[in-house]
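What follows is each chain in one-letter form.
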Amino acid sequence: RKEVEQDPGPFNVPEGATVAFNCTYSNSASQSFFWYRQDCRKEPKLLMSVYSSGNEDGRFTAQLNRASQYISLLIRDSKLSDSATYLCVVPQLGSGNTGKLIFGQGTTLQVKP
Amino acid sequence: GAVVSQHPSWVICKSGTSVKIECRSLDFQATTMFWYRQFPKQSLMLMATSNEGSKATYEQGVEKDKFLINHASLTLSTLTVTSAHPEDSSFYICSARSQTGAGHQPQHFGDGTRLSIL
């Protein structure tokens, strides 16, 4: 099982739709999680951090389910500009505070007019 | 918010050339920076961890003599791709986190450098 796993998609949705992505992680001891957004040929940009049960920022909601070991990202009222790849990222646990991140494969979202 | 700057953003050069990429933290000090490589349609792959004032830690399969890393100050790390060949063509991205940031704090990424070797 991969340490961080995402459905690569693509998810094709019409403008205004609500779409949700899931990300599963293998280490039950993980405490923090991040969603990054990456546009084509650009660097990843932090979208949301999740430290407890969830987080909400405008049209974006992230939820954490520790029992099932997954994090979800919900996007409401999709905009054309939401088209991107969404990366689920989990800090690696282990000896010391290495700061290493484990990246999911990314989920591609295409919002159509 | 924290800003990480990477330079150059695009490099095209001949095979055999060495290319240096800079990564700077603009408004915070970073004892640790990370260098990633990303091939088309793939996720980021960590190449090495750059530690200020000490040797970099390389991931398995990454040649340290090929990818030279220098982290001479708390705000600057450099990656030099020595004698680059077409297979080294990729998108190179650095990231950094604040010196005072705990392990669970997010990292901030540089703009990335697109390297094309002819």
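In what follows, the accompanying structure is described. The structure presented is a predicted model; accordingly, all values stated were derived computationally and were not measured.

Right, let's get into the overall build of chain A. If you tally the helices and strands in chain A, you get zero helices and 11 strands. When the helices and strands of chain A are listed from N to C terminus, the series reads β-β-β-β-β-β-β-β-β-β-β. Against the 2.2 N^0.38 benchmark of 13 Å for 113 residues, chain A shows a C-alpha radius of gyration of 14 Å, consistent with a compact globule. Reported as C-alpha extents along the three principal axes, the dimensions of chain A are approximately 50 × 30 × 25 Å. Just so you have it, chain A exposes about 5600 Å², and 46% of that area is on carbon and sulfur atoms.

A few words now on the interface of chain A and chain B. In this assembly, 21 residues from chain A lie in contact with 25 residues from chain B. Interface of chain A and chain B: buried area, both sides summed, is about 1700 Å²; carbon and sulfur atoms make up 54% of it. Counting the contacts that link chain A with chain B gives one salt bridge. With a closest N to O distance of 2.7 Å, Lys100 of chain A and Glu59 of chain B form a salt bridge. Counting the contacts that link chain A with chain B gives four residue pairs in polar contact (both at pLDDT 80 or more). Residue assignment for the side of chain A that touches chain B shows that the elements contributing at least two residues are β4 (33–38), β5 (44–50), β9 (84–91) and β10 (101–103) of chain A. Among the residues forming the side of chain A that touches chain B, the class breakdown is nine nonpolar, eight polar and four charged.

Next up on the list: the side chain of Thr107 of chain A. All names here are of chain A. Within the secondary structure, Thr107 sits in strand β11 (residues 107–112). Among the residues examined, Thr107 registers a relative accessible area of 0% and is labelled buried. Polar side-chain contacts of Thr107 include one of 3.2 Å to the side chain of Gln6. At 2.6 Å, the side chain of Thr107 and the backbone oxygen of Asp7 are in polar contact. For Thr107, the residues in contact, after removing those within four places along its chain, are Gln6, Asp7, Pro8, Phe11, Phe21, Ala84, Thr85 and Tyr86.

Calculation rules
- Residues numbered from 1 in each chain as written.
- Chains lettered and ligands numbered in written order.
- Predicted model: local features only at pLDDT ≥ 70, side-chain atom pairs only at ≥ 80, totals over all residues.
- Heavy atoms only, no water.
- Helix = DSSP H or I, 4+ residues; strand = E, 2+ residues; numbered from the N terminus.
- Rg over C-alpha atoms; globule rule 2.2 N^0.38 Å.
- Areas by Shrake-Rupley, 256 points an atom, 1.4 Å probe, with all protein chains shown as cover.
- Contact = heavy atoms within 4.5 Å.
- Buried area = accessible area lost by both parts, 1.4 Å probe.
- Salt bridge = Lys/Arg side-chain N within 4 Å of Asp/Glu carboxyl O.
- Polar contact = N/O pair within 3.5 Å; in protein donor to acceptor, adjacent residues only side chain to side chain.
- Nonpolar A, V, L, I, M, F, W, Y, C, P; charged D, E, K, R; others polar.
- Buried < 20%, exposed > 50% of the residue type's maximum accessible area, 1.4 Å probe, protein only.

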